[in-house]
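The chain contents come next:
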Amino acid sequence: MISDIEYYKQLSKKVSTEQDKINFFDQNQRAFYVDIYSDTWSKMMEAYAKTENLSSEQLNKIEEMKWNEMPEGLKIFAYDFCILNGFVFTGVGK
């Protein structure tokens, strides 16, 4: 049986467009939390807030949203940050 990390690595190899990234995000929430010892998600949210110049109130509103209702820009950013460039998924983009 393959590990969750390997499973999501394989799935991510099929991602090529921004719409694919959005779909991956919507369908694979667990992929963003497979490493229970990592704070990648919180680091990603901090980086996203900086990039988008969001206030802490705006960021809190996003974090309170349902997974599929989060902004598409965040979904793409999260995929790039956590999956494409994340430590757990080293080698996905290659």
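Just above, that's the structure.
Computed from a predicted structure; not experimentally measured.

S.K.: Just give me the short version of the environment of Ser38, but keep the residues and values in it.
M.R.: On the secondary structure map, Ser38 appears in the loop between helix H2 (18-27) and helix H3 (40-52). On the basis of relative accessible area, Ser38 is assigned to the partly exposed category, the value being 30%.

S.K.: I'd like a description of the nonpolar core, backed by residues and values.
M.R.: Grouped together as the largest cluster of nonpolar side chains are 23 residues, with contacts concentrated most on Phe24, Phe32, Trp41, Met44 and Ile83. Among the elements of the structure, H2, H3, helix H4 (56-63) and helix H5 (72-84) are those that each provide at least two residues to this core. Every residue in contact with Trp41, bar those within four places of it in the chain, is listed here: Phe25, Phe32, Tyr33, Trp67, Met70, Ala78 and Cys82.

S.K.: Describe the pattern of salt bridges, listing the residues and the values that go with them.
M.R.: Think of it this way: side chains of opposite charge can pair up when their charged atoms draw near. A full pass over the atoms with the stated rule returns five salt bridges. One salt bridge connects Asp4 with Arg30, and the closest N-O pair in it is separated by 2.5 Å. Of this pair, Asp4 sits in helix H1 (residues 4-12) while Arg30 is found in the loop between H2 and H3, placing the two residues 26 residues apart along the sequence. Exposure remark for Asp4: the relative accessible area of 32% places this residue in the partly exposed category. Owing to a relative accessible area of 43%, Arg30 belongs among the partly exposed residues under this scheme. For Lys9, the salt bridge goes to Glu6, with nearest N and O atoms at 3.8 Å. Of this pair, Lys9 and Glu6 both sit in helix H1, three residues apart, roughly one helical turn.

Reading guide: rules and limits
Residues numbered from 1 in each chain as written. Predicted model: local features only at pLDDT ≥ 70, side-chain atom pairs only at ≥ 80, totals over all residues. Heavy atoms only, no water. Helix = DSSP H or I, 4+ residues; strand = E, 2+ residues; numbered from the N terminus. Buried < 20%, exposed > 50% of the residue type's maximum accessible area, 1.4 Å probe, protein only. Core = buried A, V, L, I, M, F, W, Y, C linked by side-chain atoms within 4.5 Å. Contact = heavy atoms within 4.5 Å. Salt bridge = Lys/Arg side-chain N within 4 Å of Asp/Glu carboxyl O.

All quantities given are derived from atomic positions and should not be read as evidence of function.
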